[in-house]
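Here is how the chains run, residue by residue.
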Amino acid sequence: MLTPPSCLMSILPLSRTSGRSIGTLPQAAGSSSTATVQATENSPAVSQSAIVSLQAEKVPVQTYSVPRTPQSSSPIWQKQSNDAASLLMKGNFLSHSLANRFKDLGSTLLDMVKDGIGNFSQSITQSSDVNAVTDTQTNSYPWADEQLTVRTKSGVEVRISLKNQGDNLAVSIKTSGELSEAERIALGNLSDAFQKAIDGLNAAPPRIDLGALTQFDTTVLSSVDFHADITLDQKAPQVLDFHADGTQRTFSLDGPSGKLNVDVDMGNSAIWGNEKQRSASMANYLQQFDSAVSRGHGDKALMTMFKDAFTQMNSDYPAPALQQQIIGLTDSDHAMLSGLADFDASITQAVDTPNPKHLDELDTFSYQASQNTLITDSGRFDRTISQQQQSSLASSYHTSLIPDVPLKLTTDNKSQNYYYTQIDDKADSTTEIEYRKGRLAKALSSQSASQSTHVQKFELGKLTEDTTRPYEASQTQDILAILKPFLENRRERLPLDEYRWQQTLSDVHDQTLLKADPADLHGKTYDRARNVDAASAHA
């Protein structure tokens, strides 16, 4: 499971049986085997700095460690060269971890592009079989393929690739056309961002570090893509994909522990709020993510990666486009909206079956959040704005009847003592704004939240309790009534009135943020728990 602090993101392996050559290496004349450099006592030790995959904490830690091969002579290069990348590869290759194998290579290759190198390739092998590098039927682990693809406004595509296949390392630069000086500079400015993405993925604990890749020069470059595919020991791969252009930012991570997705619509800059509003909305969502993983007993490591991705995809918004100036939302409009770009984000944990006696009892965790905004202009002075924020949580999990005592479920009824809990939560927040003849005629905020907790208690394999606890609340607020006194006296505002106006806008913004806990809403309704008789539940 991918893990920051408590997360262990070890990318689990995938079977590679075809089409996975890392480069073409020449065979030394008169030699039937390639060279291998054996690590000495002073050589870098096997590192655990490249644990990159969504992997449950209960699974033993795996690192991106390159296996040692039989003793042989000097490493075999694709070509002899003293360029910056080759010199770096020479030192990095002595290490047996992916983190060190790829150290500084991404930034060095982009710096070479900045210096005018359009196409380049280099590879080095320490395999005992020279043909292993080019043999597409060879399964060599760990497998790592990390690529950056950048497209310029003029249509040129630049691809930087780093690959490691067992005891082989290869890099390349491919450019589809001539680059202008401005394009080379813009690409060079991404060198640190690219290296951060690589280092983060191979770190211990691993982390998502893609924020800097969103800060490319949009006047010169049209899009940036980062792809990483890492596999260990013939198990499932972990695949990361990132894309950013002028209209969208997308992130996905698919691995043994689950899937993450964050899609952000950057095409409607009119709805973006100021930095204070965006920070408040971001803090609100991050808090709700924490509450969801706690309530649903989800994988905290996986959720940490999700939070990092969500934050980075919503950071460093570019300067608002001309569209915002044309639409021209007011300060009060922005106060009633979240301030964030529209998005769709989800996290789905891999399903587990911890109870061998009841395989239909699954451990699951799925959380989704989204925002959608619609602006309709019926004329110069007539407009409607609608923004909907929503979230949902569905999870199920087993817990011990005795706190802090781990479950050890078997097919023996003596082990069947546990709670099985199922969670089903939903939340919604809708803001409706309407202008008629240039005047604010409607400003309404409607919110609702519901939580359902279904708990079954088993003792010695028998269902002894079955309880469902629904909890829901809703509220509707007339924001126009709050704003109207200020809107009617705009021309006569004194400095104190302006202060009160800004404070009111801040309060309105806080009130319209999505609230997933019914306890945070007015108009609460508490439904009594529905207890199902254990005997009838068995029937």
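Structure report, in brief.

About the criteria used
- Each residue is numbered by its place in its chain's sequence as written, counting from 1.
- Two thresholds apply to this predicted model, a pLDDT of at least 70 for residue-level local features and 80 or more for giving and counting side-chain atom pairs, whereas whole-chain, interface and lining totals are computed over all residues.
- Hydrogens and waters are ignored; side-chain quantities use all the structure's heavy atoms.
- We count a stretch as a helix when DSSP gives it H or I for four or more residues in a row; a strand needs E for two or more, and each element gets its number in order from the N terminus.
- Three labels apply to residues, based on accessible area from a 1.4 Å probe with only protein chains included: buried if under 20% of the type maximum, exposed if over 50%, partly exposed otherwise in between.
- Any pair of residues with heavy atoms lying within 4.5 Å of one another is described as a contacting pair.
- Using the Shrake-Rupley algorithm and a 1.4 Å probe, accessible areas are obtained, with residue cover drawn only from the displayed protein chains.
- When DSSP finds two or more bridges between a pair of strands, those strands are recorded as paired.
- We call a set of buried Ala, Val, Leu, Ile, Met, Phe, Trp, Tyr and Cys residues a nonpolar core when their side-chain atoms join them within 4.5 Å.
- We call Phe, Tyr and Trp rings a pair once their centres come within 6.5 Å, taking the six-membered ring for Trp, and we label the pair stacked below 30 degrees between planes, edge-to-face above 60, and tilted otherwise.
- By definition, a salt bridge exists where a carboxyl oxygen of Asp or Glu is found within 4 Å of a side-chain nitrogen of Lys or Arg.

A tally of regular secondary structure across the protein chain gives 12 helices and 17 strands. Evaluated residue by residue, the protein chain yields a buried proportion of 50% over its 539 residues. Taking the intrachain contacts of the protein chain between residues at least 6 apart in sequence as the baseline, contacts between residues at least 24 apart amount to 73%. Of the accessible surface of the protein chain, which amounts to about 24,600 Å², a share of 48% is contributed by carbon and sulfur atoms.

Counting buried residues along strand S3 (residues 143-152), nine of its 10 residues qualify, which places the element largely inside the surrounding structure. Of the strand pairs in this sheet, S3 and strand S6 (residues 221-231) are connected by 10 bridges, and their pairing is antiparallel. Looking across to S6, one finds that Thr152 is bridged to Leu221.

Next up on the list: the nonpolar core. Ranked by internal contacts, the top residues of the largest apolar core, which has 98 residues, are Ile160, Leu210, Leu213, Phe226 and Phe251. With seven residues, helix H7 (residues 300-313) is the single largest residue contributor to this core. Judged by nonpolar contacts, the second largest core, of five residues, contains Leu409, Tyr418, Phe458 and Leu463.

Before going further, it helps to examine the packing of aromatic side chains. The full count for this structure, using the stated rule, is 11 aromatic pairs. Considering the side-chain rings of Tyr418 and Phe458, the 4.8 Å spacing of their centres and the 20° angle between planes classify their relative orientation as stacked. Of this pair, Tyr418 sits in strand S13 (residues 418-436) while Phe458 is found in strand S14 (residues 439-459), placing the two residues 40 residues apart along the sequence. For Tyr418, a relative accessible area of 0% puts it in the buried group. Taken together, Tyr285, Phe289, Phe306, Phe310, Phe343 and Tyr367 form an aromatic cluster joined through their ring pairs.

For the rest of this paragraph, the subject is the pattern of salt bridges. Side chains bearing opposite charge may pair, as long as their charged atoms lie close to each other. Summed over the entire model, instances satisfying the criterion amount to 11 salt bridges. With its nearest N and O atoms 3.3 Å apart, the salt bridge here joins Asp167 to Arg101. Highlighted residues: Asp167 in the loop between strand S4 (157-165) and strand S5 (168-175) and Arg101 in helix H2 (residues 98-101), separated in sequence by 66 residues. Taking the relative accessible area as the measure of exposure, Asp167 reaches 5% and is therefore buried. Note that Asp424 is salt-bridged to Lys426, the shortest N-O span being 3.1 Å. Residue class for Asp424 comes out partly exposed when judged on its relative accessible area of 38%. Members of the salt-bridge network, linked through shared partners, are Arg151, Glu157, Arg159 and Asp225.

Let's shift gears to the pairing of strand S7 (residues 238-245). When you tally the buried positions in S7, you get six out of eight residues, the bulk of the element. With eight bridges connecting them, S6 and S7 associate as antiparallel partners. Bridge assignment links Val224 to a residue of S7, and that residue is Ala244. Pairing analysis gives six bridges linking S7 to strand S8 (residues 248-255), with the strands arranged antiparallel. Following the sheet pairing, Phe242 is matched in S8 by Phe251. Remark: two residues form the turn of the hairpin made by S7 and S8, two consecutive strands paired antiparallel.

A word on the environment of Ile347. For Ile347, the position within the fold is in strand S10 (residues 343-349). Ile347 sits in the buried class, given a relative accessible area of 1%. In this structure the C-alpha to C-alpha distance between Ile347 and Val262, which are 85 residues apart in sequence, comes to 8.9 Å. In this structure Ile347 touches Lys259, Leu260, Leu302, Met303, Phe306, Phe365, Ser366 and Tyr367, once residues within four positions along its chain are discounted.

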